[in-house]
Amino acid sequence: MTDLDQLTQSLARNLKRWRNERGFTLDALAARAGVSRGMIIQIEQARTNPSVGTTVKLADALGVSITTLLDYEQGPRVTFVPPDQAVRMWSTEAGSYTALLVGTEADGPLELWQWRLMPGDESSSDPHPSGTVELIHVTAGELTLVIGGETHTAPAGTSVAFEANTPHTYRNDGTAAVEMTMAVSVPPAR
């Protein structure tokens, strides 16, 4: 079984498990996540690999981290993730990527991400549930961050915190790679 097959099977199993634990019907989850019922069925039957955006919407609607949806197994309270096992969720041919480094469910999902954005690349995100906070530390380059239509720049060494309940975009308008670490805290599902 390839890594992609294992990821598809884990997502199918975990999505169905968390949907049932939350007591959500297919229609209820579709409405909460803004994802079609048909897409959820295909994911739960391991017949498709959804986009990062769709996976984020489903995790947010369930009140769990992406880590939880992609976990191969629920393990002990201490989790070590070797560099070669960080989950790449998005990448471009230019070399941009996001890597989910580690996550937990303690008092709501908390995720730690590593990002690289090559010059000219960008990644946009739909609004997350109210109360979701993103913390960013730029380690190289200059990040252009668009939050709710307002553009901000964050050069290397800058840290940023914002509530992510509005559309937001991470962009590299410069000539050097942007590297950053991001923590995302999502409130538990109510």
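S.K.: I'd love a proper account of the overall build of the protein, names of residues and values included.
M.R.: Across its full length, the protein carries five helices and ten strands. When the 190 residues of the protein are sorted by exposure, 41% land in the buried category. When contacts within the protein are restricted to residue pairs at least 6 apart in sequence, long-range pairs at least 24 apart make up 63% of them. Of the roughly 9,900 Å² of accessible surface on the protein, a fraction of 50% belongs to carbon and sulfur atoms.

S.K.: Explain the nonpolar core to me, using residue names and the numbers behind them.
M.R.: Residues Leu-58, Ile-136, Leu-143 and Tyr-170 are the most contacted members of the largest nonpolar core, which totals 41 residues. When residues in this core are grouped by element, the largest group, five residues, is from helix H4 (residues 52-62). Once you skip the residues sitting within four places of it in the chain, Leu-58 turns out to touch Leu-15, Leu-29, Ala-33, Val-35, Ile-40, Ile-43 and Leu-69.

S.K.: Can you lay out the packing of aromatic side chains for me, pointing to particular residues and giving the numbers?
M.R.: By the definition in use, this model includes two aromatic pairs. With 6.0 Å between their ring centres and 45° between their planes, Trp-90 and Trp-115 make a pair best called tilted. Here Trp-90, found in strand S1 (residues 87-91), pairs with Trp-115, found in strand S3 (residues 110-117); they are 25 residues apart in sequence, far enough to count as distant. A single burial state applies to Trp-90 and to Trp-115, both of which are buried. Measuring from centroid to centroid gives 4.6 Å for Trp-115 and Tyr-170, while their planes differ by 55°, and the two rings are tilted. Taken together, the residues Trp-115 in strand S3 and Tyr-170 in strand S9 (residues 168-171) connect sequence positions 55 residues apart.

S.K.: Could you give me a rundown of helix H1 (residues 3-22), with the residues and numbers involved?
M.R.: The first and last C-alpha atoms of H1 sit 28 Å apart over 20 residues, in line with the 28 Å expected at 1.5 Å per residue. Three or more residues of H1 are buried, namely Thr-8, Ser-10, Leu-11, Ala-12, Asn-14, Leu-15, Trp-18 and Arg-19.

So, how was this worked out
Residues numbered from 1 in each chain as written. Predicted model: local features only at pLDDT ≥ 70, side-chain atom pairs only at ≥ 80, totals over all residues. Heavy atoms only, no water. Helix = DSSP H or I, 4+ residues; strand = E, 2+ residues; numbered from the N terminus. Buried < 20%, exposed > 50% of the residue type's maximum accessible area, 1.4 Å probe, protein only. Contact = heavy atoms within 4.5 Å. Areas by Shrake-Rupley, 256 points an atom, 1.4 Å probe, with all protein chains shown as cover. Core = buried A, V, L, I, M, F, W, Y, C linked by side-chain atoms within 4.5 Å. Phe/Tyr/Trp six-rings, centres within 6.5 Å; stacked < 30°, edge-to-face > 60°. Expected span 1.5 Å × (residues − 1).

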